[in-house]
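So you can see what is in the structure, the chains are spelled out below.
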Amino acid sequence: MTRDNGVRGRKGASPRAVSAAALVGSTIEWYDFMVFGTAAALVFNKLFFPAFSPLAGTLASFATFWAGFLARPIGGVLFGHFGDRIGRKSMLVLTLLLMGVATFCMGILPTYQQVGIWAPVLLVAMRLLQGLGLGGEWGGAALMTVEHAPPRKRGFYGSFTQVGGSLGQVLASGSIGAVAFLPDEQLLSWGWRIPFLLSALLIVVGLVIRLRIVESPVFLEYKQQDREAEKPPVVEVLRTQPGNVIRAACSAFANNAIIYVVTVFTLSYAAAELGLSEGVMLSAVVIASLVDALAIPMWGALSDRIGRRPVILGSAVGMVLFAFPFFWLLETGSTPLIWLAFTVAIAGIRAGLYAPQPAYFSELFATGVRYSGASLGTNLATVAMGGTAPFIATALLGASGGASWPVSVYLVAVALITFTAVLVSPETLNTSIGAKSDAVPESGIPSAAS
């Protein structure tokens, strides 16, 4: 490997400050995205799909949840294009605004009882806007932290972008959990709207913080170089590094499947099949997500010491081994064991799959296509294994008459896909991410060796 020639942050752009800004912004965006998922599992089937049977209504609600994932690759391509051409910072501001407006509008939508079929149509439209925003958000936040970070701490600082997902989940589950204590009549008439309307306040906080950060020094160096007319970044990355896009996507399959099965599907499964209260399940999500927020930087730091591949591979093995015990623990009905199951799945397994990704994806792609390549890879994974996971798990549950074992088999299969993809991929630790570097070429061998 070559000695890293990435540029450290310029004066006033410390890695800690940039990571903190990415953390706050990502927390807000993930709150917006995940509050929809929690509401989809608990109340949207009653508000927007009341004419369906309970199972069909839940499936329709989860299909709407998936619509946001379908829009994420489009957002990744759109904001990735301008992020590679104009800069990372401006795209982070735009995605935050788009996400906030869409989420706030969800809070004022009419229900099926008020406007009929237009209610789910408008809900899907707002969900698509959320997907566009989040599709562009992750790549920009990940790149800003990694491109400002010292070479040997990219995994650690980059992981703070991922912590935003955990804290966003805590806020989403906490806000829905708070209004869930309302009587059903009040919850379904106005209580469910409060978590969505709170997004307006969070967006103001996020914008104040994000407007104060400076542009990535690696991107600024890249823009100073004389270059010939280039193809659109997404075209260029698919032409020159298609294998790395596939590597990025497949490495993210497992973490997407496990997090949405655990935090979205199990909420409806536990209520319908196990008779567990919403409060117990939401508390499990909150506790596990808080532990996850602490665990992710540790996994990121470990990837700086032993490499990205060992951390992801070991976590994929853990997912295979825990796929069946997870549901066995839920089926005991014991609150402490349910909390344990969620914590192991989210903080012990998913965090190891998730934490190295900002550094790993940044190291896979060259500067001029990094935003587009990283965004495309991660968002393809969310379409294939993220938004579909609650729907597939619910369908498997229905087909098996309420048995959980097919869902466990599904999780094992996805984990094996990620394990195989990462096993045959190169290690990227110490790969240069400077503007003059070539990242990891299609041969799978780093561009130069020490």
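Treat the numbers as computed from the prediction; the structure is a model and nothing was measured. (Residues numbered from 1 in each chain as written. Predicted model: local features only at pLDDT ≥ 70, side-chain atom pairs only at ≥ 80, totals over all residues. Heavy atoms only, no water.)

Enquirer: Just give me the short version of the overall build of the protein, but keep the residues and values in it.
Expert: When you go through the protein residue by residue, the secondary structure sums to 21 helices and zero strands. Rg of the C-alpha trace for the protein: 21 Å, near the compact-globule value of 22 Å for 450 residues, within the 12% margin. Dimensions of the protein, computed from C-alpha atoms along their principal axes, come out at roughly 65 × 40 × 35 Å. When the 450 residues of the protein are sorted by exposure, 59% land in the buried category. Sequence-distant contacts, at least 24 apart, represent 87% of the contacts inside the protein between residues at least 6 apart. Only carbon and sulfur atoms are counted for the fraction: they give 70% of the accessible area of the protein, which is about 16300 Å². Separation of charge centres in the protein, based on 28 positive and 23 negative side chains, amounts to 8 Å. (Helix = DSSP H or I, 4+ residues; strand = E, 2+ residues; numbered from the N terminus. Rg over C-alpha atoms; globule rule 2.2 N^0.38 Å. Buried < 20%, exposed > 50% of the residue type's maximum accessible area, 1.4 Å probe, protein only. Contact = heavy atoms within 4.5 Å. Areas by Shrake-Rupley, 256 points an atom, 1.4 Å probe, with all protein chains shown as cover. Lys, Arg positive; Asp, Glu negative; His and termini not counted. Charge placed at Lys NZ, Arg CZ, Asp CG, Glu CD.)

Enquirer: Tell me about the packing of helix α15 (residues 278-306) against helix α16 (residues 308-331), residues and numbers included.
Expert: How two helices sit against one another is set out by the angle between their axes and by the gap between those axes. Packing of α15 against α16 leaves a shortest axis separation of 11 Å and a crossing angle of 160°. As far as their axial angle goes, α16 and α15 are roughly antiparallel. When you trace α15 past α16, the crossing you get is right-handed. In this structure, α15 uses Met281, Trp299, Leu302, Ser303, Asp304 and Ile306 to contact α16, whose residues at the interface are Arg308, Pro310, Val311, Ser315 and Leu330. (Axes fitted to C-alpha atoms, helices over the stretch in contact; angles between N-to-C directions. Parallel < 35°, antiparallel > 145°, perpendicular 65-115°, else oblique. Left-handed = near helix turned anticlockwise from the far one by under 90°.)

Enquirer: How would you summarise unusual backbone geometry if you had to cite specific residues and measurements?
Expert: The phi dihedral of Asn430 falls on the positive side, at around 80°, and the residue is not glycine. Within the secondary structure, Asn430 sits in the segment after α21 (405-423). Overall, Asn430 belongs to the partly exposed group, its relative accessible area being 27%.

Enquirer: Describe the layout of surface pockets, naming the residues involved and giving the relevant values.
Expert: The volume enclosed by the second largest pocket comes to roughly 330 Å³. Forming the walls of the second largest pocket are 18 residues, and the residues nearest its centre are Pro54, Thr58, Ser268, Tyr269 and Ala272. Breaking the lining of the second largest pocket down by element, the ones donating at least two residues are α1 (15-42), α2 (44-48), α3 (54-85), α14 (253-274) and α20 (388-399). Of the residues that constitute the lining of the second largest pocket, the class distribution is nine nonpolar, six polar and three charged. (1 Å grid on protein atoms, 1.4 Å probe; cavity = no way out; pocket = protein on both sides within 12 Å on 5 of 7 lines; lining within 4 Å. Points joined across faces, edges and corners; volume = space filled by probe spheres on them. Nonpolar A, V, L, I, M, F, W, Y, C, P; charged D, E, K, R; others polar.)

Enquirer: How would you summarise the packing of aromatic side chains if you had to cite specific residues and measurements?
Expert: Throughout the structure, instances matching the rule amount to 16 aromatic pairs. Ring geometry for Phe44 against Phe48: centres 5.2 Å apart, planes inclined by 85°, an arrangement best described as edge-to-face. Remark: Phe48 and Phe44 occur in helix α2; sequence separation between them is four residues, near one turn of the helix. A ring pair is formed by Phe326 and Phe327, whose centres lie 5.1 Å apart and whose planes are at 85°; its orientation type is edge-to-face. (Phe/Tyr/Trp six-rings, centres within 6.5 Å; stacked < 30°, edge-to-face > 60°.)

Enquirer: Which residues make up the side chain of Thr388, and what values go with them?
Expert: Tracing the backbone shows Thr388 in helix α20. Ignoring anything within four residues of it in the chain, the contact list for Thr388 reads Trp66, Val383 and Tyr410.

Enquirer: For α14, give the residues involved together with the corresponding values.
Expert: Helical periodicity: at 3.6 residues per turn, an α-helix aligns residues three or four positions apart in one direction. Along its length, α14 shows its largest kink, about 45°, at Thr266. Counted residue by residue, α14 has 18 buried out of 22 residues, so it is predominantly covered. Downstream of α14 by a residue or two, Gly275 has a phi angle that is positive, lying close to 70°. (Bend = angle between axes of the 7 residues up to and from the residue.)

Enquirer: Which residues make up the environment of Ala125, and what values go with them?
Expert: By secondary structure assignment, the location of Ala125 is in helix α6 (residues 118-148). In this structure the C-alpha to C-alpha distance between Ala125 and Gly300, which are 175 residues apart in sequence, comes to 36 Å.

Enquirer: Tell me what's going on with the nonpolar core, and back it up with residues and numbers.
Expert: Judged by nonpolar contacts, the single largest core of 111 residues is most densely connected at Phe44, Tyr260, Val261, Met319, Phe326, Phe327 and Phe342. The element best represented in this core is α14, accounting for 13 residues. In this structure Val261 touches Thr266, Phe327, Ala389, Ala393, Val407, Tyr410 and Leu411, once residues within four positions along its chain are discounted. If you look at the next biggest cluster of nonpolar residues, it comprises seven residues, including Ala21, Ala22, Ala141 and Ile213. (Core = buried A, V, L, I, M, F, W, Y, C linked by side-chain atoms within 4.5 Å.)

Enquirer: I'd like a rundown of the confidence of the model for the protein, residues and numbers included.
Expert: Of the residues in the protein, 92% reach a pLDDT of 70 or more, and the chain-wide mean stands at 85. For the stretch residues 1-12, pLDDT sits under 50, and the model shows 36 contacts to residues farther than four places along the chain or on other chains. Considering only residues more than four positions removed or in separate chains, one finds that residues 445-450, a stretch of pLDDT under 50, has 11 contacts. (pLDDT = per-residue confidence, 0-100.)

Enquirer: Break down the pattern of salt bridges for me, with residues and values.
Expert: Charged atoms that come close allow side chains of opposite charge to pair. What the rule picks out here adds up to eight salt bridges. The salt bridge partner of Glu147 is Arg88, with a shortest N-O separation of 2.8 Å. In this pair, Glu147 sits in helix α6 while Arg88 sits in helix α4 (residues 88-106), placing the two residues 59 residues apart along the sequence. One salt bridge connects Asp292 with Arg350, and the closest N-O pair in it is separated by 3.4 Å. With Asp292 in helix α15 and Arg350 in helix α17 (residues 335-354), this pair connects stretches of sequence that are 58 residues apart. Assessed through its relative accessible area of 7%, Arg350 is described here as buried. Counted as one network, the salt bridges with shared partners bring together Asp84, Arg88, Glu147 and Arg370. (Salt bridge = Lys/Arg side-chain N within 4 Å of Asp/Glu carboxyl O.)

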